[in-house]
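Here's the letter readout for the chains.
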Amino acid sequence: MRPETVAEFGTWRIVVPTVRVVESHLVLVRSVGRVDSLNEREAADLIDAYRAATSVLHRIFGSSGFMISFSVLWQPDSEGIGEPDPVPGAGCAIHVFGRRPGELISPVRAMALPRRVRLPARPDPELVERLRHELSLPPEPLTIEAPEGNLCDGCTGSVLTDQERWRSRDVRVIRPRRVLIDPHVLVLPLRHVVSLRDLEPSEVVSLSARLIESLAQFRLGSGSTGLSGFANDGIHARQETPHVHLHVYGRSATEPVNPYQRLAAYLSPNRP
Ligand SMILES: [Zn+2]
């Protein structure tokens, strides 16, 4: 069974994956290219697709926060701990999971299980038709609630002193304050921007280019052959710092530990 396309935005499509991790799961895909080599036009299409996907998840499922998951030159192993199933035929895929208070299970919890014992949502023709219809309408405005606080960890404090590893074209790459695994960096725009929905195309191009550099660094330091990563958008997705940041891990088939396995072990029962 093929994933169903429900909307197109230039080179990007929104698809319903055949194996949904949670009900509110869509994927932004491109047939060609990779997520670490976007040009400005492709980045603008990606932002449009993300805004539309998040708006429609809000309208249908009441999602008020979002998690994204992506990978570069990396396919999860058969257990797939921490990651969704790859989308067949997609050169480049960004998974979008809607989050809301009171949800049955968070995508993080669902993906902490090995793929074979997950309970995937079954394909639903009615949902596909509803998504197609809703996505043919202009997207509704959506404000994503941000974490509160006067000081932003993405603009102030140790990010200005000892966390930054390098920066280029309005994006900085930093070492996380709490390192659970190595190799791991955070990639964030210099501009204070709270939601992924509000990124500028030039920032997305630069974030994408910093991923190539991160992989080159990880390859040298840890023998990584690919990347996987995620970001949380909004307080209902447990975004902790009110400043867009991508968590990026180096991955390889010979890695000593799957970073998501380490993260799952770190999550206490009271965390999402
Ligand atoms: Zn900030």
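J.: How would you summarise the packing of aromatic side chains if you had to cite specific residues and measurements?
T.: Applying the stated criterion to the full structure yields three aromatic pairs. Relative to Y260, the ring of Y249 has its centre 5.5 Å away and its plane inclined at 80°; by these criteria the two rings are edge-to-face. Placement of the pair is Y249 in strand β10 (residues 246–251) and Y260 in helix α6 (residues 259–266), with a sequence separation of eleven residues. The pair formed by Y249 and Y260 is uniform in burial state, with each residue classed as buried. Among the aromatic residues, those joined into a ring-pair cluster are F230, Y249 and Y260.

J.: Tell me what's going on with the packing of helix α1 (residues 40–61) against helix α3 (residues 125–135), and back it up with residues and numbers.
T.: Where α1 meets α3, the axes come as close as 10 Å, and the angle between the chain directions of the two elements is 120°. Classified by the angle their axes make, α1 and α3 are oblique. The interaxial crossing formed by α1 with α3 has right-handed handedness. Within the contact between the two elements, α1 uses A52, V56, R59, I60 and F61 and α3 uses L127, R130, L131, E134 and L135. Class assignment for the residues of the contact of α1 with α3 results in seven nonpolar, no polar and three charged.

J.: Explain the coordination of the zinc ion to me, using residue names and the numbers behind them.
T.: Bound to the zinc ion are the protein donor atoms C152 (SG), C155 (SG), H192 (ND1) and H243 (ND1), situated 2.1 to 2.3 Å from the metal. Here the zinc ion is ringed by four donor atoms whose angles at the metal span 102 to 122°, and the overall shape comes out tetrahedral. The class of C152 is buried, set by a relative accessible area of 7%. For H192, a relative accessible area of 41% puts it in the partly exposed group.

J.: Could you give an account of the nonpolar core, with specific residues and numbers?
T.: I14, L28, I68, L131, L246 and V248 are the most contacted members of the largest nonpolar core, which totals 53 residues. Per element, the largest residue contribution to this core is eleven residues, and it comes from α1. Ranked by size, the runner-up nonpolar core spans eleven residues in total, among them M67, F97, F230 and L263.

J.: Describe in detail the pattern of salt bridges, supporting the description with residues and values.
T.: Across all of its chains, the model carries 18 salt bridges by this definition. One salt bridge in this structure joins R115 and D85, with 2.7 Å as the shortest N-O distance. Residue R115 is found in the loop between α2 (107–111) and α3, and its partner D85 is found in the loop between β4 (65–72) and β5 (92–99); the two are separated by 30 residues along the sequence. Looking at R115, the relative accessible area reads 24%, which means it is partly exposed. Here R130 ties to E134 by a salt bridge, and the two come within 3.4 Å at their closest N and O atoms. Here E134 and R130 lie together in helix α3, a separation of four residues that amounts to about one turn. The exposure class of R130 is partly exposed, given its relative accessible area of 39%. Beyond isolated ion pairs, a larger network of salt bridges with shared partners links R59, R130, E134 and E140.

J.: Please provide a residue-by-residue account of unusual backbone geometry, values included.
T.: Note the cis peptide between D182 and P183, where omega equals 0°. Residue position: P183 is located in the loop between β7 (171–174) and β8 (184–189). Non-glycine residue L73 carries a positive phi angle of around 55°. Judged by relative accessible area, which is 45%, L73 ranks as partly exposed.

Cut-offs applied
Residues numbered from 1 in each chain as written. Predicted model: local features only at pLDDT ≥ 70, side-chain atom pairs only at ≥ 80, totals over all residues. Heavy atoms only, no water. Phe/Tyr/Trp six-rings, centres within 6.5 Å; stacked < 30°, edge-to-face > 60°. Helix = DSSP H or I, 4+ residues; strand = E, 2+ residues; numbered from the N terminus. Buried < 20%, exposed > 50% of the residue type's maximum accessible area, 1.4 Å probe, protein only. Axes fitted to C-alpha atoms, helices over the stretch in contact; angles between N-to-C directions. Parallel < 35°, antiparallel > 145°, perpendicular 65-115°, else oblique. Left-handed = near helix turned anticlockwise from the far one by under 90°. Contact = heavy atoms within 4.5 Å. Nonpolar A, V, L, I, M, F, W, Y, C, P; charged D, E, K, R; others polar. Donors = N, O, S within 2.8 Å, 3.2 Å for Na, K, Ca; no water. Tetrahedral: all angles 85-135°; square planar, octahedral: opposite > 155°, others 65-115°. Core = buried A, V, L, I, M, F, W, Y, C linked by side-chain atoms within 4.5 Å. Salt bridge = Lys/Arg side-chain N within 4 Å of Asp/Glu carboxyl O.

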